[in-house]
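Summary of structural features
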Amino acid sequence: MNSGLPINIRKERGYEIAATSLIVETEKGWKVPSQSGGGSYFVKSNGFSAKCTCKDFKGGTDKCKHIWAVEFIITGQIKRKAEPVQKKTYSQNWPAYDKAAICQKSQFMELLSDLTNSIEQPANSMGRPALQIRDMIFTSILKVYTTFPLRRFMDEVEAAHSKNYISTIPCYSSIGHFMQRGDITPILEELVTITSLPLKSIENSFAVDSTGFGTSQFQRWFSFKYGKEIKSRRWVKVHVMIGTKTNVITSVKITSEVENDSPQLEYLVKDTARNFEMTEVSADRAYLSQNNLELIDSFGAMPYIPFKSNSKATERGELWKKLYHYFNFNHEDFMEHYHKRSNVETTFSMIKSKFSGSVRAKTWDAQVNEVLCKNICHNICVLIHEMHELGIDFDFKK
């Protein structure tokens, strides 16, 4: 028994326990794992003496190895091992998730048909009758959803026609040429907004960010910094505002890769505010500016944009000063809200994993339209999931 062992032996074993085991303070006292692995013991100390619940503790001035272990920790002779961080997990309604995934394609085509049926056909002043624009937009979005090349996609077009989702079967080349039209871009932008509206009663917290979709085109330029010619792939930059609860895209703006992020926030906020009530907006440091903070505040929302290391409280207006102090003195609470911004990264991952992180189109108008179609596909998939998860009911026909 330990109480019969020399004090130096008990001290050495206590040192081993303190160095290799996780010792934590609880309401019952210091919890010390058994060296044999058969449970734990509790050591209580009043500052003058200590007691242990192990059988080896006999009282008096003799210390068992568990008391020695606690003493090494308290006195700082051995650095206390950190408690393992419990990873935060979120529950998932798997039956609803499975059902939404299994019937996603059929519901996608049905919802897409309802969505495009409201598109009005423009007047045809001359020439042979044009193809129905609602049919062409339906097939263009469905083509992006399937990720098939145009020729292999024609089976899907025939299936859609057999179910009366479209009135005619266009040629595959007609679909390709249609995507190059710049006049359909505003229609696709409006469809992104329409597909987000069924969730307006759910979303009030939003996040902003941008990402790029690669193209098959390359560019060359001479870099004076590196003293050589540099070749890189060109890409389309998409700026979005998303709802952090469902990851639905509420507003989108597409620019070239050279455009900065911060100036795009104004359009995204104003466009979202037309249909949604905003309580908070989170974005990374690239969007930090007095104008952006004041814009978000003007719509009654709290901006959660972290300040830079060289930011000062006295260099801007009252709102800047107020938010600067909140960021520094309530940092933990600020970061809890700010980290909702990670949902926008999830949104980009969802789009790229399902509908590809690059575009097939060669011309700029076609590339913009293809990226907008990806956003529409994402929103419809989100709606399908929420139909099963939250039981929401909506109708694009109205």
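I will try to describe carefully the structure that is included in this document. (Residues numbered from 1 in each chain as written. Predicted model: local features only at pLDDT ≥ 70, side-chain atom pairs only at ≥ 80, totals over all residues. Heavy atoms only, no water.)

A word on the overall build of the protein
Worth spelling out the cut-off: Where helices and strands are cited, they refer to DSSP runs of H or I of at least four residues and of E of at least two residues respectively, numbered from the N terminus. Between the two quantities, the radius of gyration covers C-alpha atoms and the globule rule is 2.2 Å times the number of residues to the power 0.38. Should any heavy atoms of two residues lie within 4.5 Å, those residues are counted as being in contact. Using a 1.4 Å probe, the Shrake-Rupley method yields the accessible areas, and only the shown protein chains count as cover for residues. A residue counts as positive if it is Lys or Arg and as negative if it is Asp or Glu; His and the chain ends are not included. Lys charges are placed at NZ, Arg charges at CZ, Asp charges at CG and Glu charges at CD.
A tally of regular secondary structure across the protein gives 14 helices and nine strands. In terms of overall dimensions, the protein is more spread out than a globule: its C-alpha atoms have a radius of gyration of 31 Å, far above the 21 Å expected for 398 residues. Counting only C-alpha atoms, the protein reaches 105 × 55 × 50 Å along its principal axes. Restricting to contacts in the protein with at least 6 residues of sequence separation, those with at least 24 account for 61%. Accessible area for the protein stands at about 21900 Å²; split by element, carbon and sulfur atoms hold 50% of it. Distance between charge centroids for the protein: 7 Å, based on 52 positive and 44 negative side chains.

Brief notes about helix α14 (residues 364-389)
Threshold: In a helix, the anticipated span is given by 1.5 Å times the number of residues less one. For each residue, the accessible area found with a 1.4 Å probe, counting protein chains only, is set against the maximum for its type, and the residue is called buried under 20%, exposed over 50%, and partly exposed in between.
Across its 26 residues, α14 extends 38 Å between first and last C-alpha, which sits within 8% of the 38 Å expected from 1.5 Å per residue. The element α14 is extensively covered by neighbouring structure, given that 21 of its 26 residues are classed as buried.

Some thoughts on the pattern of salt bridges
Quick note on the threshold: Criterion for a salt bridge: a side-chain nitrogen of Lys or Arg within 4 Å of a carboxyl oxygen of Asp or Glu.
All chains considered together, the criterion is met by 11 salt bridges. The closest approach of N and O atoms between aspartate 284 and arginine 341, which form a salt bridge, is 4.0 Å. Here aspartate 284, found in the loop between β8 (280-282) and α10 (290-298), pairs with arginine 341, found in the loop between α12 (331-338) and α13 (342-355); they are 57 residues apart in sequence, far enough to count as distant. For aspartate 284, a relative accessible area of 18% translates into the label buried. Judged by relative accessible area, which is 14%, arginine 341 ranks as buried.

Describing the environment of aspartate 297
By the secondary structure assignment, aspartate 297 is in helix α10. Sequence-wise, aspartate 297 and valine 281 are 16 residues apart; in three dimensions their C-alpha atoms are separated by 9.4 Å.

Things to note about the pairing of strand β2 (residues 29-33)
Threshold: One bridge is not enough; two strands pair if DSSP finds at least two bridges between them.
Sheet topology note: the strand β1 (residues 24-26)/β2 ladder contains three bridges and is antiparallel. Bridged to threonine 26 within β2 is glycine 29. The antiparallel pairing of β1 with β2 creates a hairpin that spans two residues between the two strands. Note that β2 and strand β3 (residues 40-45) share four bridges and pair antiparallel. Within β3, the position partnered with lysine 31 by the bridge is phenylalanine 42. Between the antiparallel neighbours β2 and β3 lie six residues, among them glycine 37 with a positive phi of about 85°.

Things to note about the pairing of strand β5 (residues 205-223)
In the sheet, β5 pairs with β8 via three bridges, with the strands oriented parallel. Paired with alanine 207 across the two strands is serine 282, which belongs to β8. Across 15 bridges, the pairing between β5 and strand β6 (residues 228-243) is antiparallel. Across the sheet, glycine 212 pairs through a bridge with lysine 237, a residue of β6. Between β5 and β6, which pair antiparallel in sequence order, lie four residues; one of them, glycine 227, sits at a positive phi of approximately 70°.

Quick look at the sheet that holds β2
Let me state the cut-off plainly: Here an angle of 0 to 180 degrees is reported between the N-to-C directions of two axes, which are lines fitted to C-alpha atoms, with helices fitted over the stretch in contact.
With antiparallel pairing, the four strands of this open sheet are ordered in space as β1-β2-β3-β4. Because the sheet does not close on itself, it has two edges, and the strands there are β1 and β4 (50-52). Each neighbouring strand pair of the sheet contributes to a mean axis angle of 30°, computed without reference to strand direction. Those strands touched by helix α2 (residues 65-74) are β2, β3 and β4, and its axis lies near 115° from that of β2.

Quick look at the side chain of lysine 237
Our working rule: In protein, a polar contact requires one atom able to donate a hydrogen and another able to accept it; more generally it is a pair of N or O atoms within 3.5 Å, and residues adjacent in sequence count only if both atoms are side-chain atoms.
Secondary-structure assignment places lysine 237 in strand β6. At 2.9 Å, the side chain of lysine 237 forms a polar contact with the side chain of aspartate 261. If we ignore the near neighbours within four places in the chain, the residues touching lysine 237 are Ser210, Thr211, Gly212, Lys253, Ile254, Thr255, Ser256, Glu257, Glu259, Asn260 and Asp261.

Here we look at the nonpolar core
Note the following rule: Note on terminology: a nonpolar core comprises buried Ala, Val, Leu, Ile, Met, Phe, Trp, Tyr and Cys residues joined through side-chain atoms within 4.5 Å.
Within the largest apolar cluster, 59 residues are counted, with the highest numbers of intra-cluster contacts made by Phe108, Ile141, Leu142 and Leu188. Counting residues per element, this core draws most heavily on α14, at 11 residues. What phenylalanine 108 contacts, discounting residues up to four positions off in sequence, is Ile141, Leu142, Tyr145, Cys377, Ile380, Cys381 and Ile384.

Thoughts on the packing of aromatic side chains
What counts is decided by this rule: For Phe, Tyr and Trp, rings pair up if their centres lie within 6.5 Å, where Trp contributes its six-membered ring, and each pair is then called stacked (planes under 30 degrees apart), edge-to-face (over 60) or tilted (otherwise). Working rule: Lys NZ or Arg CZ, within 6 Å of ring centre, within 35 degrees of ring normal, means a charge sits over the ring.
Across all of its chains, the model carries 16 aromatic pairs by this definition. Joined through ring pairs, the aromatic side chains of Tyr304, Phe307, Trp320, Tyr324, Tyr326, Phe327, Phe334 and Tyr338 make up one cluster. Between the NZ or CZ atom of lysine 63 and the centre of the ring of tryptophan 68, over which it lies, the distance is 4.4 Å. Positioned above the aromatic ring of phenylalanine 213 is the side chain of lysine 352, whose terminal nitrogen or guanidinium carbon lies 5.3 Å from the ring centre.

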